[in-house]
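# A structural walkthrough
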Amino acid sequence: MHRLLWLAWIASACTRPSESRAVAEFDVGKASISGATVEVRDGLAAIRDLTDHRIELWASAPAITLDLSLDAGAAGEWTIVARNTLVDAQLAVAGLAFPVVREPGDRTTVATFKVTLPSGASTLAIAPPDAATPGPFRVAAMADIQTALPVVDDVFTMISAVPELRFVVAMGDITERGTVEEYDLFERQLETLAIPYYTTLGNHELWGPHERFFDRFGRASFHFEFKGCAFTFVDSGDAGIDPIVEDQLAGWLSQSIDQPHVFLTHIPPIDPVGLRYGGFRSGRDARRLLAMLGDAKVDLTLYGHIHTFIDFENAGMPAYISGGGGAEPMKGDGIYRHFLVVELDATIGDGLLPLDPSNNPLRAVELHRVD
């Protein structure tokens, strides 16, 4: 009997391998020490360090908000280091803006702020001045670096040379085996990228403990808005979406139904090529997800996992697979390393998929080849 119970437990655990990650994400962006407690709203940053009068963050979004509670002994000047931030980010507290303090050798995506905080509760917002102002902007999109980590700086250099890009959105598989050494190398390679890199995880990150990803880069499932457009990233590293994440997704889709909306995940729900098993493990789950996205009037879906470039539609929504970060390419397609450039404008259109291209908030998606 004990053996049967053990086997039943194992079977149950195997049916939801993503549950532990989904639960763990709720702790991302929370930390405390004696006299100080900090929480990043919606888990949009990993807290890498919290010590006496110093906080270091890795942002997952262009605009983040921190709620900080201090005892009397912890009041005073604090140093806030926000990594992976926009170049023009500022810190605002109680209506006062604090400029970036650049330290020698800092990357353009590292923002350091010095701010005096009282005891009690304080709210700190880190964002560029135009974060809430609708208007045109451009982002890059890519996925599947994996074994090309040693040379991905070439891709990052090309992205940095594209005019007016604000940040990169990425669909996972930044590593081959999710090792500490790979994550270290990835961060060193990011030194060649002039803009932030916001990413979910892929199946290759799951070769290692998910804590390695969460502790460094934050949640794999998250949602943010920028200049009137919504971006939703979802963890599909196990070829499906955990029910806990699906519940969160329903809320994100509902709150952004009237905005231009970009949805990103690693594995496409349905493989548009069919030459390899490159979709969800459950066709029913895939169709349910696409129905959710379609009902919420999502404007663009971006995927990785398949190491090529594919322009297609799913459930009537524009879809792109961009798996050209450098992993072994699909044989015979003639496409190797690449990234996309996406232009959005929330002042155009009504957030729906219009018949008139001139009324489309998704202004353009361009393929940029590296090799």
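Read on for a plain summary of the structure. Fair warning: this is a prediction, and the values are worked out from it, not measured in the lab.

## Observations regarding helix 3 (residues 153–161)
- When helix 3 is considered as a whole, its buried residues turn out to be V155, F156 and I159. For helix 3, the angular spread of buried residues about the axis comes to 95°, placing them on one side.
- Packing partners of the buried residues in helix 3 comprise strand 11 (136–142), strand 12 (165–170), helix 4 (180–189), strand 13 (197–199) and strand 20 (338–345).

## Structural notes on the sheet that holds strand 17 (residues 300–303)
- The mixed open sheet is built from 6 strands, whose spatial order is 14-15-16-17-19-18. In this open sheet, the two edge strands, each paired with only one partner strand, are strand 14 (222–226) and strand 18 (309–314). Each strand axis lies, on average, 20° off the axis of its neighbour in the sheet, ignoring direction.
- Strand direction decides the pairing type here: strand 14 and strand 15 (residues 229–234), joined by 5 bridges, are antiparallel. By the bridge assignment, F226 is partnered in strand 15 with C229.
- Set on the sheet, helix 6 (residues 243–255) makes contact with strand 14, strand 15 and strand 16 (261–265); between it and strand 15 the angle comes to about 170°.
- Strands in contact with helix 7 (residues 283–295) are strand 16, strand 17, strand 18 and strand 19 (317–322); relative to strand 19, the strand with the most contacts, it is inclined by about 125°.

## Points about the sheet that holds strand 8 (residues 96–98)
- One open sheet holds the 6 strands; their spatial order is 1-2-5-10-7-8, and the pairing between them is antiparallel. A strand with exactly one partner marks an edge of an open sheet, and here the two such strands are strand 1 (30–33) and strand 8. Across the sheet, the axes of successive neighbouring strands diverge by a mean angle of 20°, strand direction being ignored.
- Bridge count between strand 7 (residues 90–93) and strand 10 (residues 120–127): 4 bridges; the pairing is antiparallel. In the strand pairing of strand 10, V93 is matched with L124.

Thresholds applied
- Residues numbered from 1 in each chain as written.
- Predicted model: local features only at pLDDT ≥ 70, side-chain atom pairs only at ≥ 80, totals over all residues.
- Heavy atoms only, no water.
- Buried < 20%, exposed > 50% of the residue type's maximum accessible area, 1.4 Å probe, protein only.
- Helix = DSSP H or I, 4+ residues; strand = E, 2+ residues; numbered from the N terminus.
- Arc of directions from axis to C-beta.
- Contact = heavy atoms within 4.5 Å.
- Pairing = 2+ DSSP bridges.
- Axes fitted to C-alpha atoms, helices over the stretch in contact; angles between N-to-C directions.

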